[in-house]
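Structural description and commentary
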Amino acid sequence: MLIKTRPQKMTDFEQNRNLLKSIVKIRYILPRMIPAETPKNENERLSVLKELNLLDTAEEQIFDDVTKLATKICGTPISLISLIDEKRQWFKSPYGIEVRETPRELSFCTHAILHDAPFVVEDTRLDRRFFDNPLVVAKPPAIFYAGAPLTLPGGVKIGTLCVIDHIPRKLTPLEIDLLKALANHVVELILLRSRVEAKDIWMAILSHELRSPVNSILGFSSILQEDEGDLPNKDRTECLQAITRSSNLLLGLADDLVDLYRIQADFLEVDCHRVEVLSIVKEVCADLQPLASKYAKNTVILYPKTELTCKADRRRLKQALLNLTSNAIKYSQQDSQVEIRFETDITKNLVKVHVINQGEGIQPEEMPRLFQQFSRLKHKSKIGAEKIDGIGLGLFLTKKIVEKMNGTLTVSSVPDHETIFTVGMPMASPNLH
């Protein structure tokens, strides 16, 4: 006889266990949160962002007024002026929340800066890129997002003006247009702030850096004028040397400021022809030998004897190599070597000139601001060396000048060992004069 049995009812524990297995299975099958791609101009973008000196600054009313207005226009509880750094999104103006930053990998704005138009997600829970983002599953959740990129002249996107809500919603075409217009206004405010800050920096230079060599010239000149034959020849020579040194410093500062103006106004002109690298390097080494003796006794400059040609403005290329080599000398160890090497890179069609020094190197955390204007790196004091002159324009100008000639300037460094700056210039074609 066939006996039929009724299936037993599952216990609550078994039901919960099976439900958990189903959830785990579904979560495994579904794609996880999809991070944004890295912008193609990421290095340039980060460099521009740092030059603006906005990160980690205090809140400012002119920006807070914009985020407040954005929430009124779009009807959302939260609005942010968000700047995308290497590892985070930092909020210059947070309206409706207390935090000032979140990790970059969780940021909706990293997706927004990949677009030219405002980036809108009506319900993040239904979007494969965001459905399990911790900001979406948090309480209160970030369900709606709309971000208009902050696009600087030249197309560099440093962040967004965005609005966020805890419920799904839609924006009208007018609201989207107004959000974009507000983002453009934020860009204008950022540029205005940058110009005002630059003006303050210029005033600081004029009131301090330029006055120092002028005061030195006036002081030593006064000593010589008051001399009635009582001043020993040695002291007179030292006074004249000090006047010459200060005059050269003043002239160098003036040249740097003129070049800075030309670059900012896009007036810098270059005249590129076929130039011989070896002849320029020889001149650089000869010009800087006295500096090598001053900053690091017995420092020698080495260079190969082979000849290579490249396409460049001869005067500007020499200016770039002079600056890089003088920096290499100033930051070298005593009794060390500064070496200049050059080679051809056939794959990239470049002639590469490497300026190598043995010294304290550059710390990784200082690399991002290396080519920023008015930026001075920290350095260890050297026995017998004077304070290193300059206002932090040299590397900034050098990079801009090299790039104006369609070249590249890169750097690698091993702290407490060596630093290598590499100038890459286009190879000269055979028919180039």
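About the thresholds
Residues numbered from 1 in each chain as written. Predicted model: local features only at pLDDT ≥ 70, side-chain atom pairs only at ≥ 80, totals over all residues. Heavy atoms only, no water. Helix = DSSP H or I, 4+ residues; strand = E, 2+ residues; numbered from the N terminus. Buried < 20%, exposed > 50% of the residue type's maximum accessible area, 1.4 Å probe, protein only. Contact = heavy atoms within 4.5 Å. Areas by Shrake-Rupley, 256 points an atom, 1.4 Å probe, with all protein chains shown as cover. Salt bridge = Lys/Arg side-chain N within 4 Å of Asp/Glu carboxyl O. Pairing = 2+ DSSP bridges. pLDDT = per-residue confidence, 0-100. Core = buried A, V, L, I, M, F, W, Y, C linked by side-chain atoms within 4.5 Å. Axes fitted to C-alpha atoms, helices over the stretch in contact; angles between N-to-C directions. Left-handed = near helix turned anticlockwise from the far one by under 90°. Nonpolar A, V, L, I, M, F, W, Y, C, P; charged D, E, K, R; others polar. Expected span 1.5 Å × (residues − 1). Arc of directions from axis to C-beta.

1. Topic: the overall build of the protein chain
For the protein chain, the helix and strand inventory stands at 11 helices and 13 strands. Evaluated residue by residue, the protein chain yields a buried proportion of 41% over its 433 residues. A separation threshold of at least 6 residues defines the contact pool for the protein chain, and within that pool the share at least 24 residues apart is 68%. Surface exposure of the protein chain reaches about 24600 Å², of which carbon and sulfur atoms provide 55%.

2. What about the environment of Lys-282?
Of note, Lys-282 is situated in helix α9 (residues 277-295). Separated by 20 residues in the primary sequence, Lys-282 and Leu-302 place their C-alpha atoms 9.8 Å from one another.

3. Some thoughts on the pattern of salt bridges
Within this structure, the stated rule accounts for 20 salt bridges. When the shortest N-O distance is used, the salt bridge between Arg-88 and Asp-85 registers 3.4 Å. Classification of Asp-85 as buried rests on a relative accessible area of 7%. Salt-bridge contacts for Asp-123 lead to Arg-125; the nearest nitrogen and oxygen are separated by 3.0 Å. With relative accessibility at 15%, the residue Asp-123 sits in the buried group. Through salt bridges that share partners, Lys-50, Asp-56, Asp-85, Glu-86, Arg-88 and Glu-101 make up one connected network.

4. Looking at the pairing of strand β11 (residues 350-358)
Most of β11 sits out of view: eight of its nine residues are buried. Bridge count for strand β10 (residues 337-345) against β11 is eight bridges, and the pairing is antiparallel. The residue bridging Phe-342 from the neighbouring strand is Val-353, located in β11. The antiparallel pairing of β10 with β11 creates a hairpin that spans four residues between the two strands, and Asn-349 there sits at a positive phi of about 60°. Alignment of β11 against strand β13 (residues 418-426), held across nine bridges, turns out to be antiparallel. Of the residues in β13, the one forming a bridge with Leu-350 is Pro-426.

5. Considerations on the confidence of the model for the protein chain
On average, residues of the protein chain carry a pLDDT of 83, and 83% of them reach 70 or more. When pLDDT is averaged over each helix and strand of the protein chain, the minimum, 45, is found for helix α1 (residues 12-29) and the maximum, 98, for strand β1 (residues 78-84). Scored below 50 in pLDDT, residues 19-30 shows three contacts in the model against residues more than four places distant or in partner chains. Counted against residues more than four places away or in other chains, residues 381-386, with its pLDDT under 50, gives 10 contacts.

6. Digging into the nonpolar core
One finds Cys-310, Leu-317, Leu-321, Phe-421, Val-423 and Met-425 to be the most contacted residues of the largest nonpolar core, which totals 43 residues. Of all elements in the fold, only α8 (233-264), α9, β9 (309-312), α10 (314-330), β10, β11, α11 (394-404) and β13 reach the threshold of two or more residues within this core. Broken down by element, this core gets its largest block of residues, nine residues, from α9. Other than its neighbours up to four places away in sequence, Val-423 contacts Leu-317, Leu-321, Leu-324, Val-351, Lys-352, Val-353, Val-402, Thr-408 and Leu-409.

7. Here's the deal with the packing of α10 against α11
The geometry of a pair of packed helices is captured by two quantities: the angle between their axes and the separation between those axes. Across the interface, α10 lies against α11 with an axial gap of 10 Å and an inter-helix angle of 145°. Considering the relative orientation of α10 and α11, their crossing is left-handed. Counting all contacts with α10, which are made through Arg-316, Gln-319, Ala-320, Asn-323, Leu-324 and Asn-327, the residues of α11 involved are Gly-394, Leu-395, Thr-398, Ile-401 and Val-402. Grouping the amino acids of the contact of α10 with α11 by side-chain chemistry returns five nonpolar, five polar and one charged.

8. Describing the pairing of strand β5 (residues 144-151)
Buried residues dominate β5, accounting for seven of its eight residues. Pairing analysis gives three bridges linking strand β4 (residues 119-121) to β5, with the strands arranged antiparallel. Paired with Val-120 across the two strands is Ala-146, which belongs to β5.

9. Considering the sheet that holds β5
Spatially, the six strands line up as an open sheet ordered β3-β2-β1-β6-β5-β4, and their pairing is antiparallel. Only two strands of the sheet have a single neighbouring strand rather than two, namely β3 (101-103) and β4. Neighbouring strand axes in the sheet, compared pairwise and without regard to direction, differ in orientation by 25° on average. Two elements, β5 and strand β6 (residues 157-165), share eight bridges in a ladder whose sense is antiparallel.

10. Structural notes on unusual backbone geometry
Going from Lys-139 to Pro-140, the amide bond is cis rather than trans, its omega being -5°. For Pro-140, the location among the structural elements is in the loop between α5 (134-137) and β5. At Asn-406, a residue that is not glycine, the phi angle is positive and equals roughly 65°.

11. Looking at α8
The first and last C-alpha atoms of α8 sit 47 Å apart over 32 residues, in line with the 46 Å expected at 1.5 Å per residue. Among all positions in α8, only Cys-239, Ala-242, Ile-243, Ser-246, Leu-253, Leu-257, Asp-259, Leu-260 and Ile-263 are buried. Following α8 by one or two positions, Asp-266 has its phi on the positive side, about 60°.

12. Some points on helix α3 (residues 61-74)
An α-helix turns once every 3.6 residues. As a result, residues three or four positions apart point the same way. Compared with an ideal rise of 1.5 Å per residue, which puts 14 residues at 20 Å, α3 spans 20 Å between its outermost C-alpha atoms and is within 8% of the ideal. Every buried residue of α3 is accounted for by Phe-63, Asp-64, Val-66, Thr-67, Ala-70, Thr-71 and Cys-74. Down the axis of α3, the buried side of the element spans an arc of 155°, and every buried residue falls inside it. More than 90 degrees from the buried face of α3, the exposed residues found are Gln-61 and Lys-72. Looking at the residues trailing α3, positive phi occurs at Gly-75, about 70°.

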